[in-house]
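Architecture at a glance
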Protein chains: 2
Amino acid sequence: MPEQLSAAAPRRVTLKDVARASGVTASTVSKVVNGRRDVGPEARQRVLDTIDRLGFHPNSVARGLRMQRSDTLAIVTDDLEGIFTNAMMRGVEDAASSAGFGVFLCNSYGDRDREQLQLQRLLDKRVDALIFMSGNRVGRRPEPALPLQGTPYVYLYEYGDAQVSTVLPDDVGGGALAATHLVDAGASRIAFINGPREWEATADRLHGFTRELTALGHPFDRSLLRWSPSWNAEDGYFLANELMDIVPDLDAIFCGSDDLATGAMAAVHDRGLSIPDDVQIVGFDDRSLAEHQRPPLTTIALPLHQMGHLAGEQALASLERTTAPAVFRVPCELVVRKSTRGG
Amino acid sequence: MPEQLSAAAPRRVTLKDVARASGVTASTVSKVVNGRRDVGPEARQRVLDTIDRLGFHPNSVARGLRMQRSDTLAIVTDDLEGIFTNAMMRGVEDAASSAGFGVFLCNSYGDRDREQLQLQRLLDKRVDALIFMSGNRVGRRPEPALPLQGTPYVYLYEYGDAQVSTVLPDDVGGGALAATHLVDAGASRIAFINGPREWEATADRLHGFTRELTALGHPFDRSLLRWSPSWNAEDGYFLANELMDIVPDLDAIFCGSDDLATGAMAAVHDRGLSIPDDVQIVGFDDRSLAEHQRPPLTTIALPLHQMGHLAGEQALASLERTTAPAVFRVPCELVVRKSTRGG
DNA sequence: TTGAAAGCGCTACCAC
DNA sequence: GTGGTAGCGCTTTCAA
């Protein structure tokens, strides 16, 4: 009977195959594969050659069973289609990949039952660590929907009350960045269209913004602050108009999102004013739409990739159980384009 | 010595624990867990109770080793941050999740060496099937960077020359949809700002568009066709202006992307014309920016979630090795908003 | 330096 | 119906 009848799924070569073919036992091959030093040079070479010749690759499942670790991370998110999730996931994947880890992707849709189901599956698969990532909000999240049996986890773009490592953008610093830039660019009557009050980030940004303005000798005129009910362009348009009605000599608007900024720019245009000559605009987020505005929008970039990367690293680090949990505030970055005079 | 010194990572309960605690052997427990019928009712009940009491969950790694299957899919993409990847991934995750499968995420950055590395890891982890997903283009891709050892795979939003199941949007139908809608809406001088020539999709859309127009008794005037060098708003703006210069009585523009349409709308506005009263605009893709345009943009929605879902299902189906590979064209959908008079 | 043996947690075959 | 046994592919003592 021919051994390889179906070429489709040939039996994969195992440790034992290598052992047999190089005239040693499985133990020795295992040692070679794992870089142990207690193997004779000639035996090692023979094994190495055979591995190459046979194209042997260790079965991770078997190794995982034996080692009680799977070299696998998981991202569980409440919104796989959130506008920021992509970039963060790429960061996580980068970090995991560099360490030889795989990453599972789970979407809970923010539903607790679903999260529970997903978590149980992940625990059954023995993932080594979890990353809870929020897609559409920054805010406190409840405990994981399931006791995690000692599996370590970190929060990314969200936080809980547990003793858990947490990765967030530095919103305070982001606000300060906008303030510095606008003052540098010669603005003196500066308004702030902030995002919705419910979002923790908005308080932080306001704080950073006003504090920095004060430090720079341009204390913020609170009457020029607006809390937008949403992050959308429509509200940016409306609020910018409202501001310009009240203060005709307004010369700069800092917006809590690129969408708000887009609306604000439309409002400025509609009055026949020029950006940045009459009014300078700064956005927040650095979504792709920012650079395609006319003029291209100066904005504060959320460090999404770095945040994801850091979360991945922290998840990995948690496996060593050596470091204490911490909260990380990743610096935002000022991206100067044409809607301000700076740069 | 206390058994549970570290509460952090208690030993997990195994099949054997359940067996012991219910006075049967592992075999019997296994049968119960797997819903076998050859177990006595009272034994079954006892086992079930114990499972519940102890909180037993089968170890997937062990099961995977034994069964030679991991209940795991993998997505390998060349662009994790592509504007369409999110939605497709969610579709895949939905399909996988419903079947109790997990999904690995891999980013090759379009780099062949990286893809090779990733694929090898996935094979080592014994994933059951792969989904190759393109993030930023529709086009022929080379063979997988590694012989897949019989692991089945499908293409999503890209295709190769192999005998491989492939999931693509129905671009021909999408073009036709736009034609029908515009004619219904009373347009008679219709232009088409198509995407770049290199993209396979653009030829398909043009074909569907013109064929349908002809069928409707409004043959397409080829002089009103433009091939944009990019998908961006800038080019949409420029080309729309060019078209309006040449044909003053233009009353509709079909654009190959929502970004192109955004540019076209700006051009129309700049001339003091009204949308949709003077000129109707239809986009393509249905990205989130579409519904926030002023007026909100009528567009042809790419069925990204459905495509991902279908790809997931096909990957799952390929495990049964019963169906022949096929290429699927998932219908686009007309989303009527305010930039056209239809609806 | 090498290998025999045990075992990670599970399923399946085949007696009883 | 039930359980003993073997084994999935690997790592790790421990003895030789």
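Read on for a plain summary of the structure. These figures come from a predicted structure and were not determined experimentally.

With an omega of 5°, the peptide bond running from Ile 275 of chain A to Pro 276 of chain A counts as cis. Position of Pro 276 of chain A relative to the elements: it lies in the loop between α10 (258-270) and β9 (280-285). Omega for the peptide link from Arg 294 of chain B to Pro 295 of chain B comes to -5°, which places this bond in the cis form. Relative to the helices and strands, Pro 295 of chain B is located in the loop between α11 (288-291) and β10 (298-301). With a phi close to 60°, Gln 68 of chain B is a non-glycine residue in the positive phi region. Inspection of the secondary structure assignment puts Gln 68 of chain B in the loop between α4 (60-67) and β1 (72-77). Positive phi outside glycine occurs at Tyr 109 of chain B, with the angle close to 55°. Tracing the sequence through the fold places Tyr 109 of chain B in the loop between β2 (102-107) and α6 (112-124).

Residue and element names in this part refer to chain A. For the pair helix α1 (residues 15-22) and helix α3 (residues 41-54), interaxial distance at closest approach is 9 Å and the crossing angle is 125°. One finds that α1 runs oblique with respect to α3. As for how α1 packs across α3, the hand of that crossing is right-handed. In this structure, α1 contributes Asp 17, Val 18, Ala 21 and Ser 22 to the contact, and α3 contributes Arg 46, Val 47, Thr 50, Ile 51, Arg 53 and Leu 54. Of the residues that constitute the contact of α1 with α3, the class distribution is five nonpolar, two polar and three charged.

Tallied over the entire structure, the rule returns 21 aromatic pairs over all chains. Centre to centre, the rings of Tyr 153 of chain A and Tyr 155 of chain A are 5.8 Å apart; their planes meet at 70°, and the pair counts as edge-to-face. Overall, Tyr 153 of chain A belongs to the buried group, its relative accessible area being 18%. On the numbers, 4.9 Å between centres and 40° between planes, the contact of Phe 209 of chain A with Phe 254 of chain A is tilted. Of this pair, Phe 209 of chain A sits in helix α8 (residues 200-215) while Phe 254 of chain A sits in strand β8 (residues 252-255), placing them 45 residues apart in sequence. Note on accessibility: Phe 209 of chain A and Phe 254 of chain A belong to one class, buried. Put simply, the rings of Phe 192, Phe 209, Phe 220, Phe 254 and Phe 284 of chain A pair up and form one aromatic cluster. If you follow Arg 294 of chain A out to its NZ or CZ, it ends over the ring of Tyr 237 of chain B, 4.4 Å from the centre.

Time to look at the pairing of β1 of chain B. Residues and elements named next belong to chain B. A large share of β1 lies buried, amounting to six of its six residues. Going residue by residue along β1, you find Thr 72, Ala 74 and Val 76 tucked away on one face and Leu 73, Ile 75 and Thr 77 tucked away on the opposite face as well. Note on the crossover from β1 through helix α5 (residues 85-98) to β2: the handedness is right-handed.

For the rest of this paragraph, the subject is the pattern of salt bridges. Opposite charge on two side chains permits pairing when their charged atoms draw close. Applying the stated criterion to the full structure yields 38 salt bridges over all chains. Measuring nitrogen to oxygen at the nearest pair gives 2.1 Å for the salt bridge that ties Arg 90 of chain B to Glu 81 of chain A. Here the residue Arg 90 of chain B occupies a position in helix α5, and Glu 81 of chain A occupies one in the loop between β1 (72-77) and α5 (85-98), the pair thus bridging two chains. Assessed through its relative accessible area of 31%, Glu 81 of chain A is described here as partly exposed. Between Arg 189 of chain A and Asp 221 of chain A there is a salt bridge, with the nearest N and O atoms lying 3.3 Å from each other. Of the two residues, Arg 189 of chain A is situated in the loop between α7 (171-184) and β6 (190-194) and Asp 221 of chain A in the loop between α8 and β7 (225-227); the sequence distance between them amounts to 32 residues. For Arg 189 of chain A, a relative accessible area of 26% gives the class partly exposed. Through salt bridges with shared partners, one network takes in Glu 81 and Arg 114 of chain A together with Arg 90, Glu 93 and Asp 94 of chain B.

What follows concerns the pairing of strand β6 (residues 190-194) of chain B. Residues and elements named next belong to chain B. Within β6, five of the five residues are buried, leaving the element largely enclosed by the surrounding structure. The two faces of β6 match: Ile 190, Phe 192 and Asn 194 on one face and Ala 191 and Ile 193 on the other face are all buried. Across four bridges, the pairing between β6 and strand β8 (residues 252-255) is parallel. Note that in β8 the partner of Ile 190 across the bridge is Ala 252. In terms of strand pairing, β6 meets strand β7 (residues 225-227) through three bridges, oriented parallel. In the strand pairing of β7, Ile 193 is matched with Arg 226. Following the chain from β6 across helix α8 (residues 200-215) to the adjacent parallel β7, one finds a crossover that is right-handed.

Moving on, we get to the protein's contact with DNA strand C. Neighbouring residues of DNA strand C: 26 residues in total, closest Thr 28 and Gly 40 of chain A together with Leu 15, Arg 63 and Arg 66 of chain B. By atom count, sugar and phosphate contribute 63% of the portion of DNA strand C lying within 4 Å of the protein. Between Ser 27 of chain A and DNA strand C, the recorded distance is 3.0 Å, taken from a side-chain N or O atom to a base nitrogen. At 2.8 Å, a side-chain N or O of Thr 28 of chain A approaches a phosphate oxygen of DNA strand C. Sorting the residues of the surface near DNA strand C by element identifies α2 (26-33), α3 and α4 (60-67) of chain A together with α2 (26-33) and α4 of chain B as the ones contributing at least two each. Take the surface near DNA strand C: its biggest share by element is four residues, from α4 of chain B.

What counts, and where the lines are drawn
Residues numbered from 1 in each chain as written. Chains lettered and ligands numbered in written order. Predicted model: local features only at pLDDT ≥ 70, side-chain atom pairs only at ≥ 80, totals over all residues. Heavy atoms only, no water. Helix = DSSP H or I, 4+ residues; strand = E, 2+ residues; numbered from the N terminus. Axes fitted to C-alpha atoms, helices over the stretch in contact; angles between N-to-C directions. Parallel < 35°, antiparallel > 145°, perpendicular 65-115°, else oblique. Left-handed = near helix turned anticlockwise from the far one by under 90°. Contact = heavy atoms within 4.5 Å. Nonpolar A, V, L, I, M, F, W, Y, C, P; charged D, E, K, R; others polar. Phe/Tyr/Trp six-rings, centres within 6.5 Å; stacked < 30°, edge-to-face > 60°. Buried < 20%, exposed > 50% of the residue type's maximum accessible area, 1.4 Å probe, protein only. Lys NZ or Arg CZ within 6 Å of the ring centre and 35° of its normal. Right-handed = clockwise from strand over helix to strand, strands pointing away. Salt bridge = Lys/Arg side-chain N within 4 Å of Asp/Glu carboxyl O. Pairing = 2+ DSSP bridges. Near = heavy atom within 4 Å. Polar contact = N/O pair within 3.5 Å; in protein donor to acceptor, adjacent residues only side chain to side chain.

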